[in-house]
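# What the coordinates show
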Amino acid sequence: MARESGPGGGSRGIALVGYRATGKSTVGRIVADRLGWPFEDADRALERRAGKPIAAIFAEQGENAFRDLEQRILAELADGRSPMVLATGGGVVLRQENRDALGRFGFVAWLAARPETIADRLRADPDGRPALTSAGLLDEVASVLERREPLYRRVASAVVETDGRSPEQVAEDLLDRLDRAMRGGDRFPAPDSRGRMP
Ligand SMILES: Nc1ncnc2c1ncn2[C@@H]1O[C@H](COP(=O)(O)OP(=O)(O)OP(=O)(O)O)[C@@H](O)[C@H]1O
Ligand SMILES: O=C(O)C1=C[C@@H](O)[C@@H](O)[C@H](O)C1
Ligand SMILES: [Mg+2]
C-alpha cells in the first residue's frame, strides 16, 4: 500500500488512523494490552494539554486552532524512540506535516467502516464530538469520509475492516496484519505482535 514515508520506516510502534468511531481508541487499547506496550490517545493528550474538551476548543477557537494543536501533539508523540500504540484523531491525516510524522511509526493501521456503520456508532456514543459540517450526520460522515479516504490510504500500512466485527476481532486482525508485514520484511522495532523479540 502506498506510503509517503516508506513502509515500516519508523520505530515509534503502531498508529491507528481512520474516521470517527472506527474504533481507534477502543481497538488501540486492546492492541497495546496484547503487546504490553504503552497506549496513548492523541485526542485525550490534546485535551489534557488544552485543559478543555475538544468540543470547547472547536467552539471557542475554531477548527484551525484545534488542528494546530493536533499537529503539535502528534509531533511530540511521534518523537519518542520506544514503541507505543497511538490512537490518532479522525482528521489527523489532513495535514502533510502529520502524514510525515506518521511515517515515524513502523505500522499504520487504517480502521475502515461504512458511513452507515459509523453513523450508527456515533448515534450510540454521544461523546460531544463537534460537527465537521452543517450537513446531517450521515451526509457529513459520507462526504467527509470520501474526501479523507485517499489520505488514510496514503499513510496506511494496512486497512483493517471493522464492519460487523467486534473490537476484539478487529484487534486480532490488526495483529495478524502486523505479523504478516514483519514476515514480509518490513523494518519494525522489537518485540513482535506476540511480545517476542525477533
Ligand atoms: N468494531 C466495533 N463494533 C462495534 N462498536 C464499536 C466498534 N469499534 C468501536 N465501537 C464503538 O464505537 C464508539 C466509538 O469508538 P472509539 O471511540 O474507539 O472510536 P474512535 O475511532 O477512537 O473515534 P474518535 O475518532 O471520535 O476518537 C464506541 O462506542 C465504541 O464502543
Ligand atoms: O474527524 C475529525 O476531524 C475529528 C475526530 C476526533 O477524533 C477528534 O480529533 C476531533 O473531534 C476531530
Ligand atoms: Mg478516539
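Residues numbered from 1 in each chain as written. Chains lettered and ligands numbered in written order. Predicted model: local features only at pLDDT ≥ 70, side-chain atom pairs only at ≥ 80, totals over all residues. Heavy atoms only, no water.

### Observations concerning the sheet that holds strand β2 (residues 39-41)
Spatial ordering of the open sheet is given by β2-β3-β1-β4-β5, a layout of five strands whose pairing is parallel. Of all the strands in the sheet, just β2 and β5 (158-161) have a single pairing partner and so form its edges. Neighbouring strand axes in the sheet, compared pairwise and without regard to direction, differ in orientation by 20° on average. Where strand β1 (residues 13-17) and strand β4 (residues 107-112) come together, four bridges link them in parallel fashion. Within β4, the residue paired with Ala15 across the bridge is Val108. (Pairing = 2+ DSSP bridges. Helix = DSSP H or I, 4+ residues; strand = E, 2+ residues; numbered from the N terminus. Axes fitted to C-alpha atoms, helices over the stretch in contact; angles between N-to-C directions.)

### As for the UniProt feature "binding site: substrate" (unreviewed entry) in the chain
UniProt records the feature "binding site: substrate" (unreviewed entry) for Asp43, Arg67, Gly90 and Arg148 in the present numbering. For Arg67, the location among the structural elements is in helix α4 (residues 63-77). Apart from the residues within four sequence positions on either side, Arg67 is in contact with Phe58, Gly91, Val92, Leu94, Arg95, Leu132 and Arg148. Here Arg148 shows up in helix α7 (residues 137-155). There is a polar contact of 3.1 Å between the side chain of Arg148 and the backbone oxygen of Gly90. (UniProt positions renumbered as here; feature names shortened; annotations may be inferred. Contact = heavy atoms within 4.5 Å. Polar contact = N/O pair within 3.5 Å; in protein donor to acceptor, adjacent residues only side chain to side chain.)

### Side note on the nonpolar core
In this structure, Val17, Tyr19, Leu102, Phe105 and Ile118 are the most contacted members of the largest nonpolar core, which totals 38 residues. No other element matches the six residues that α7 contributes to this core. Among all residues touching Val17, those that are not within four sequence positions of it are Lys24, Thr88, Val92, Leu102, Val108, Ala109, Trp110, Leu111, Tyr152 and Val155. In this structure, Ile14, Phe39, Ala87 and Met182 belong to the second largest nonpolar core, which totals 22 residues. (Core = buried A, V, L, I, M, F, W, Y, C linked by side-chain atoms within 4.5 Å. Buried < 20%, exposed > 50% of the residue type's maximum accessible area, 1.4 Å probe, protein only.)

### Re the packing of aromatic side chains
What the rule picks out here adds up to two aromatic pairs. Considering the side-chain rings of Phe58 and Phe66, the 5.0 Å spacing of their centres and the 45° angle between planes classify their relative orientation as tilted. Residue Phe66 is classed as buried on the basis of its relative accessible area, which comes to 4%. (Phe/Tyr/Trp six-rings, centres within 6.5 Å; stacked < 30°, edge-to-face > 60°.)

### Observations concerning the site of ligand 1
The full set close to ligand 1 counts 17 residues, and Lys24, Ser25, Thr26, Arg129 and Arg165 are the nearest of them. Ala21 places a main-chain nitrogen or oxygen 2.9 Å from an oxygen atom of ligand 1. Lys24 places a side-chain nitrogen or oxygen 2.7 Å from an oxygen atom of ligand 1. Examining the composition of the shell around ligand 1, we find that three residues originate from one element, helix α1 (residues 24-35), more than from any other. Broken down by class, the residue content of the shell around ligand 1 amounts to three nonpolar, seven polar and seven charged. (Near = heavy atom within 4 Å. Nonpolar A, V, L, I, M, F, W, Y, C, P; charged D, E, K, R; others polar.)

### Things to note about unusual backbone geometry
Most of the time, phi is negative for any residue but glycine, and the peptide bond is trans. One non-glycine residue with positive phi stands out, namely Ala21, at about 65°. By the element assignment, Ala21 lies in the loop between β1 and α1. Residue class for Ala21 comes out buried when judged on its relative accessible area of 16%.

### What about the UniProt feature "binding site: Mg(2+)" (unreviewed entry) in the chain?
Residues given the UniProt feature "binding site: Mg(2+)" (unreviewed entry) here are Ser25. In contact with Ser25, other than residues within four places in its own chain, are Phe39, Asp41 and Ala87.

### Some remarks on the environment of Phe58
Looking at where Phe58 falls in the secondary structure, it is placed in helix α3 (residues 54-61). Spatially, the C-alpha atoms of Phe58 and Pro130 are 6.9 Å apart, while their sequence positions differ by 72 residues. Those residues in contact with Phe58 that sit more than four places away from it in its chain are Glu63, Phe66, Arg67, Pro130, Ala131 and Leu132.

### Let's talk about the side chain of Asp41
Mapping Asp41 onto the fold places it in strand β2. Among the polar contacts made by the side chain of Asp41, one reaches the main-chain amide nitrogen of Asp43 at a distance of 3.1 Å. In this view, Asp41 contacts Ser25 and Ala87; residues no more than four positions away in its chain are not counted.

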